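# Analysis of the macromolecular model
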Amino acid sequence: MAEPTGRYVIHLPVVVADLAGALHLARTLARALASMPQVDVGGSTVSAEDAQHVRHWVFCDRVMPDRRRCARQADHDDACSPVDDP
């Protein structure tokens, strides 16, 4: 049987004790893999294990006037930027 063509999403469960820690780890992992063209860093989300339909965005990802995307963490208070300053 032939494999269907199209795109596939990899779901890699990683368990962290709290939301803040999960968001931090997700940002770290996303940045580590960002050089791979297959990785959509802007689409990174975190959810509770028993409520995976409720997702928390990891990055802001707003499109800025120059058409680049904001790289800061979701719900940041300062201006958007294509670089997430630590």
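Above this text you will find the structure in question.
Overview of the structure. (Residues numbered from 1 in each chain as written. Predicted model: local features only at pLDDT ≥ 70, side-chain atom pairs only at ≥ 80, totals over all residues. Heavy atoms only, no water.)

### Thoughts on the side chain of R72
Mapped onto the elements of the fold, R72 is located in the segment after β2 (51-57). For R72, a relative accessible area of 13% gives the class buried. A polar side-chain atom of R72 sits 3.2 Å from the main-chain carbonyl oxygen of A79. (Helix = DSSP H or I, 4+ residues; strand = E, 2+ residues; numbered from the N terminus. Buried < 20%, exposed > 50% of the residue type's maximum accessible area, 1.4 Å probe, protein only. Polar contact = N/O pair within 3.5 Å; in protein donor to acceptor, adjacent residues only side chain to side chain.)

### Focus on unusual backbone geometry
The phi angle at D61 is positive, at roughly 65°, despite the residue not being glycine. Mapped onto the elements of the fold, D61 is located in the segment after β2.

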